[in-house]
Amino acid sequence: MARPKADLPDRAALRALVVDGELRLRVTPAARSEGIAIAGDRLAVRTRAKPEDGVANKAVEKLVAGALGVATSRCRIVRGATSRDKVLRIAD
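Predicted model only: the values in this text are computed from it and were never measured.

A.B. asks: Got a minute to help me understand the overall build of the protein chain in this structure?
C.D. replies: For the protein chain, the count of helices and strands is 2 helices and 5 strands. Helices (α) and strands (β) of the protein chain occur, in sequence order from the N terminus, as α-β-β-β-α-β-β. Viewed in the frame of its principal axes, the protein chain has a C-alpha envelope of about 40 × 25 × 25 Å. Relative to its 92 residues, the protein chain shows a buried fraction of 33%.

The following block contains the structure:
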């Protein structure tokens, strides 16, 4: 059985949260389902990946890049690599 698609908000709403090329995130690793929700001035990101050896961080970068419609290589976590609160840089 195929996994359901991630629950993603509108791209325009996501891009409105990008300030000076940075996006604030609150991440929940090892969640039952993947998805992104807007929670105030940040994104609440759920990923199935376990928080081991940076696997969850890579999954978050890929999920947010897909939601924004940009290449994964343009999204990098710049702060909070070991925290649930992260800052993601979106390269131009």
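Having seen the model, we can carry on.
A.B. asks: Mind showing me how you'd approach the side chain of Arg-42 here?
C.D. replies: Among the secondary structure elements, Arg-42 is positioned in strand β3 (residues 42-46). Separated by 2.8 Å, the side chains of Arg-42 and Asp-85 make a polar contact. Every residue in contact with Arg-42, bar those within four places of it in the chain, is listed here: Leu-17, Arg-24, Leu-25, Arg-26, Ala-37 and Asp-85.

A.B. asks: Any chance you could explain the nonpolar core here in plain terms?
C.D. replies: Nonpolar side chains in soluble globular proteins tend to be buried together. Grouped together as the largest cluster of nonpolar side chains are 19 residues, with contacts concentrated most on Leu-23, Leu-25, Ile-36, Leu-43, Val-45, Val-64 and Leu-88. Secondary structure elements with two or more residues in this core: β1 (22-28), β3, α2 (55-68), β4 (75-79) and β5 (85-90). Beyond its immediate sequence surroundings of up to four residues, Leu-43 is in contact with Leu-14, Leu-17, Leu-23, Arg-24, Leu-25, Arg-26, Ile-36, Ala-37 and Ile-38.

A.B. asks: Help me out: how do you make sense of the environment of Lys-86 in this one?
C.D. replies: Within the element layout of this structure, Lys-86 appears in strand β5. Put simply, Lys-86 and Arg-26 are 60 residues apart on the chain and 6.3 Å apart in space, counted from C-alpha to C-alpha. Contact partners of Lys-86, with chain neighbours within four places excluded, come to Leu-23, Arg-24, Leu-25, Val-27, Asn-57, Ile-77, Arg-79, Gly-80 and Ala-81. There is a polar contact of 2.7 Å between the side chain of Lys-86 and the backbone oxygen of Gly-80. There is a polar contact of 2.6 Å between the side chain of Lys-86 and the backbone oxygen of Ser-83.

A.B. asks: Please explain the pattern of salt bridges as it appears in this structure.
C.D. replies: Considering all chains together, one arrives at 8 salt bridges under this definition. The partner of Arg-26 in a salt bridge is Asp-85, with the nearest N and O atoms 3.0 Å apart. In this pair, Arg-26 is assigned in strand β1 and Asp-85 in strand β5, connecting sequence segments 59 residues apart. Exposure remark for Arg-26: the relative accessible area of 33% places this residue in the partly exposed category. On the basis of relative accessibility, which here comes to 34%, the residue Asp-85 falls in the partly exposed class. With a shortest N-O distance of 2.8 Å, Arg-42 and Asp-85 are connected by a salt bridge. Here Arg-42 is found in strand β3, whereas its partner Asp-85 is found in strand β5, with 43 residues between them in sequence. Residues participating in the shared-partner salt-bridge network are Glu-22, Arg-79 and Arg-89.

About the criteria used
- Residues numbered from 1 in each chain as written.
- Predicted model: local features only at pLDDT ≥ 70, side-chain atom pairs only at ≥ 80, totals over all residues.
- Heavy atoms only, no water.
- Helix = DSSP H or I, 4+ residues; strand = E, 2+ residues; numbered from the N terminus.
- Buried < 20%, exposed > 50% of the residue type's maximum accessible area, 1.4 Å probe, protein only.
- Polar contact = N/O pair within 3.5 Å; in protein donor to acceptor, adjacent residues only side chain to side chain.
- Contact = heavy atoms within 4.5 Å.
- Core = buried A, V, L, I, M, F, W, Y, C linked by side-chain atoms within 4.5 Å.
- Salt bridge = Lys/Arg side-chain N within 4 Å of Asp/Glu carboxyl O.

Keep in mind these numbers describe shape, not what the thing actually does.
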